[in-house]
Amino acid sequence: MRGNGLWAQLRRPPGGRDARIMLLAQGVDRTGSGVWAAASVLYFTYVCGMDAGRLGLLLGVGAVAGIVGSPLAGRAAERLPVRGLLIGCHLLRVATMGLLLVVDHFAALLLSVALTCLAERGAKTLEMLFATRIAGERRATYQALFRSVANGGYAVGTGFAAIGLAVGSTTAYRALIVANALSYLLAAALIRRTAEPPGRGLVAAVPSPAQEAAGGGPAAVPNPWRDRGYLLFVLLDLPMCLDDSVLNVGLPLWLIHHTEAPHAVVPAFLTVNTVLVVVLQLRVSAWAENPRGATTAVGWYGVTLLASCGLIALSTGGGPLTASLALLAAAALVTLAELMRSVSSWELAVSLAPPRAKASYLGVAGMSQSVQKSVGPMLLTGVVMAAGPAGWLALGAASTGLAAVQRRASLRRLAALEASAGAAAVASSAAAVVG
């Protein structure tokens, strides 16, 4: 491939050696996660003997723990080394996977799943912060490389899981758990070879230039929970993550219950998604590699998701071939929306946060995906799909409208931050003249 191709970029990623090691660690991590994602529900059902009620409670508690994991990790990263925290998250998951092998009581399994999900979401937030610090202005390119690596690793993991599931024995299921735990252990060992990225520790509340000139005290460190503008961004970012539930829940269930398309088409949705992510992620990231480009991607996200929802609604009116083609095209459009969202959400989460408190702000922003994973499937099955084709059209229209609101709100905040930075530069120059 050419110098800007995927393999060339993987050999020389933004951030150099440490970024290359981190991408390898993330690929190993996602391979293990793919194994567990494919096997977990069947393991709890057939090996642990859980009924649907207990399984639902188990997954629900895990989802809530995942929501908590992001802000906890962000807050901890203001005070402790990101590298050490990330290693700790992986080692905690090694321990919780090991716990699954030796306990069968529901309360212990509940604790294990909750801690696993908390550590998983915490690790993803810390990875995001690590990449932001080492890749700098080229963080969008790093995100594109990570998405390609993660999808490849996930696909390999589900392939390994398929072998164990085909065997179907308790020993095979336990072997999959061990493989997942080993992937976390190897990821931790790889991260240990990296250096702590710059920006470690809580940023001190230093006086602003204007305050120094006036003899004032230090400025307060920003708190994301009191920043209404940033919380608005996070709130609006929640529906920007619905593409995940549309692809993994909405499309398969709609095909099965509302179309004449053969069930064999369902695995093709993930194949389309994986191939397009690997092929297109770098190109999309180059288009949206700065805050202004990210706001443009937000607008296109809504339009693309609307088109996808329209195809899903139309898939009920034709025969098997027509329905299959419509749903495969919808899967491709959902993937394009995912590509735009993955870049724009990260870029705006970083760009809209104050420089002196990015870790805690990114921790709050990281809640969006966890909340969506908890609420998204229920929204699709209980509201959108229950309303039939009109429900899909309403979802697409609502996503387009919310994306437009998100874009305008982000542009206003970017303008305000730029004005504030300009005022600080003027104050700094005036203080230097006075001095």
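Residues numbered from 1 in each chain as written. Predicted model: local features only at pLDDT ≥ 70, side-chain atom pairs only at ≥ 80, totals over all residues. Heavy atoms only, no water.

Asker: Teacher, can you tell me more about the packing of helix α3 (residues 52–77) against helix α14 (residues 358–365) here?
Answerer: A pair of packed helices can be characterised by two numbers: the angle between their axes and the separation between those axes. Closest axis-to-axis distance for the α3/α14 pair is 7 Å, and the angle between their directions is 175°. Classified by the angle their axes make, α3 and α14 are roughly antiparallel. Across the interface between the two elements, Ser70, Pro71, Gly74, Arg75 and Ala77 of α3 pack against Ala359, Ser360, Gly363 and Val364 of α14. Grouping the amino acids of the contact of α3 with α14 by side-chain chemistry returns 4 nonpolar, 4 polar and 1 charged. (Axes fitted to C-alpha atoms, helices over the stretch in contact; angles between N-to-C directions. Helix = DSSP H or I, 4+ residues; strand = E, 2+ residues; numbered from the N terminus. Parallel < 35°, antiparallel > 145°, perpendicular 65-115°, else oblique. Contact = heavy atoms within 4.5 Å. Nonpolar A, V, L, I, M, F, W, Y, C, P; charged D, E, K, R; others polar.)

Asker: Could you clarify how one ought to interpret the environment of serine 40 in this entry?
Answerer: For serine 40, the location among the structural elements is in helix α2 (residues 16–47). Once the C-alpha coordinates of serine 40 and alanine 161 are considered, the two residues, 121 residues apart in sequence, prove to be 9.9 Å apart.

Asker: Where do I start with the confidence of the model for the protein chain in this structure?
Answerer: Reading predicted coordinates in detail is not appropriate for stretches of low pLDDT. Per-residue pLDDT for the protein chain averages 84, and the proportion of residues at 70 or more is 90%. When mean pLDDT is compared element by element in the protein chain, helix α4 (residues 82–102) scores highest at 94, while helix α8 (residues 209–214) scores lowest at 42. (pLDDT = per-residue confidence, 0-100.)

Asker: I would appreciate a short explanation of empty space enclosed by the protein in the present structure.
Answerer: To find leftover empty space, one rolls a probe the size of a water molecule over the atoms. Considering all chains together, one arrives at 2 cavities of 30 Å³ or more under this definition. Of the volumes computed, that of the largest cavity is approximately 50 Å³. Around the largest cavity, the lining residues are Phe233, Asp237, Met240, Val298, Tyr301, Arg341, Ser344, Ser345, Leu348 and Gln406. Those elements that provide at least two residues to the lining of the largest cavity are α9 (228–237), α12 (291–314) and α13 (320–351). Counting residues per element, the lining of the largest cavity draws most heavily on α13, at 4 residues. Taken together, the residues that form the lining of the largest cavity break down as 5 nonpolar, 3 polar and 2 charged. The volume enclosed by the second largest cavity comes to roughly 40 Å³. What lines the second largest cavity is simply Asp29, Arg30, Ser33, Arg93, Glu120, Ala123, Lys124 and Glu127. (1 Å grid on protein atoms, 1.4 Å probe; cavity = no way out; pocket = protein on both sides within 12 Å on 5 of 7 lines; lining within 4 Å. Points joined across faces, edges and corners; volume = space filled by probe spheres on them.)

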